[in-house]
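# Descriptive analysis of the structure
Next come the chains, spelled out residue by residue.
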Amino acid sequence: MPHLHRRNFLKAAGVATLALTARSYGRVLGANERIGVAFLGTGGRCQAHIEIINTLKNQGKGVEPVAVCDVWDGFEGTYETVRDGKVIKRNYSQGLYPSAKKCGLRLDDAKHVTKDYRRLLDLPEVDVVCIATPDHWHAKMTIDAAAAGKHIYCEKPMTRTIDEAHAVVDAVKKYNRVMTVGVQSMADPTWRIAYEYIRNGKIGHVAQGQTSYYRNSIEGQWRYYPILREMNPKTIDWDMFLGHKFSVFDGEPIGPNLPFDRALFAQWRCYWPFGGGMFTDLFVHQTTHLIAAMGVRYPARVVGAGGIYLEYDGRDVPDVATVVADYEEGCQLIVTATMINRYPIEETIRGRLGTIKFVKGGFEIIPDEPAGGAGTPARLEDRIRGEFVDCKPPLGRHADTQALWEDFLRCVREGRRDTLSPPELGAAAFTTVNMGVLSYRTGKIYRWDKVQRKPVPDDGSWAALWEKRSHERGKPNNIIGWQAGDTGCIVKTPDYNLRLAGPWINGRDPAQP
């Protein structure tokens, strides 16, 4: 499997193309030829993927589950939990052998049912891997799969670190593989339609986007994933789970070497070595589709804030958090959440001439006239309504995830890399939220160094940059693909400012001719 020095990774990567050449594509798939899918990591989220692939198989869509991998034997049965003082029984079917059963595989088929994902990458019948492991394994598995000639559907977030995200982007370009990042909301056309409205000037210059992800669980966020007695060193390959013997970059293990702990295994999202808490598990959903709609990608500057303010249960990650990202395009994104209250803020994109408010089924365009005066009161008794745009999103159980899969499989057949949720977009979204993690944990503001592709501490020049442009009477930047000229980008300076403003030099009134 490939093993690269960080400094040499970019040199090793090839040039990106949207269409795969016959040579790079390897086994070219015909329109009716079966696509074999291997599932790497068969926990809760993967069960939806298995269900979808089985559905598509039964519909004659030319796809079939052919292999599974997980570090845990798994458990199929019921477990008990307590809610409001009452004992409740719940069904459970996750892990290696229950998932193999769902895929129609023999449990004793060690070739296709294994705890070592590398064995599956050697199988010619595997065309696609679905990676739904804990986050710290995403990059390693994706890069190895690409090198083995497989196409990749990888759950969000695409990696655990920013360097890994760009290593993945480079790898899929180098090996010319098709990849989708599993942000299922990207199958919703709402974000693409909103972007077309925005880039054509419907709301004028884009000023700010805001989104959120609010939850509230009495057990504590992610503690509702059960810990079972069946999870033990005899049934779990603990070293494989940790990943301390594996690396993407030389000398940097993807995980730590820690004593066995059921909580680390079953509730890994609560701990920094394996994920990024709500920043990368939840914020990345919202950030991905909102930056796609806004027409921005990498932020110029990011600050993250929050803390563990209530869930004192041994977790590392905060239960309240906010990320503020500023962009060179002259706009800002706010992503905020609590895990201890469910009441959300509106998901909106604000522009000089109006606001796009995302609602069920699409979005509303609420006009805004820049004629001065106070803003809309913060305490609204009645909802402000705008022009509704029906975007016809996928509806039904797992409909968005299935639509994302169908787009991905179509791209695999056609040899195209431009999926609905490509790794380049995934890397930009992940970089944004992970810079929020770095800021939160270090207490620093970070800037994005696009040449080195890494965050660096802010040098304090951000405000001065925009002040300089203002003093020079410059023009605003606009989003990627902007088509609307000066629409909603003009400041009409009052006549008295033009006539009377300015410094008095040697006592001379600037208004004098």
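Higher on the page you've got the structure.
Predicted model only: the values in this text are computed from it and were never measured. (Residues numbered from 1 in each chain as written. Predicted model: local features only at pLDDT ≥ 70, side-chain atom pairs only at ≥ 80, totals over all residues. Heavy atoms only, no water.)

### Here we look at the sheet that holds strand β6 (residues 128-131)
On the basis of which strands lie adjacent, the open sheet formed by six strands has the order β5-β2-β1-β6-β7-β8 and parallel pairing. Two strands lie at the open edges of the sheet, namely β5 (113-114) and β8 (179-182), each paired on one side alone. With two bridges joining them, strand β2 (residues 63-69) and β5 adopt parallel strand pairing. What sits directly across from C69, in β5, is T114. Sitting on the sheet, helix α6 (residues 138-147) is in contact with β1 (35-40), β6, β7 (151-155) and β8, with an inclination near 170 degrees to β7. (Pairing = 2+ DSSP bridges. Helix = DSSP H or I, 4+ residues; strand = E, 2+ residues; numbered from the N terminus. Contact = heavy atoms within 4.5 Å. Axes fitted to C-alpha atoms, helices over the stretch in contact; angles between N-to-C directions.)

### Details of the layout of surface pockets
Size it by volume and the largest pocket reaches roughly 1,000 Å³. Along the walls of the largest pocket sit 44 residues, with G43, G44, R45, W268 and R269 positioned nearest its centre. For the lining of the largest pocket, the secondary structure elements donating two or more residues are α3 (44-58), β4 (86-94), α6, α9 (238-242) and α10 (262-266). Of all the elements, β4 adds the most residues to the lining of the largest pocket, at four residues. Residue composition of the lining of the largest pocket, grouped by class: 22 nonpolar, 13 polar and nine charged. Of the pockets and cavities examined, the second largest pocket occupies roughly 850 Å³. Lining the second largest pocket are 26 residues, and of these G474, P476, C489, I490 and V491 lie nearest its centre. When residues of the lining of the second largest pocket are traced back to their parent elements, those giving at least two are α15 (462-471) and α16 (495-500). A per-element tally of the lining of the second largest pocket places α15 first, with four residues. Grouping the constituent residues of the lining of the second largest pocket by class yields nine nonpolar, 11 polar and six charged. (1 Å grid on protein atoms, 1.4 Å probe; cavity = no way out; pocket = protein on both sides within 12 Å on 5 of 7 lines; lining within 4 Å. Points joined across faces, edges and corners; volume = space filled by probe spheres on them. Nonpolar A, V, L, I, M, F, W, Y, C, P; charged D, E, K, R; others polar.)

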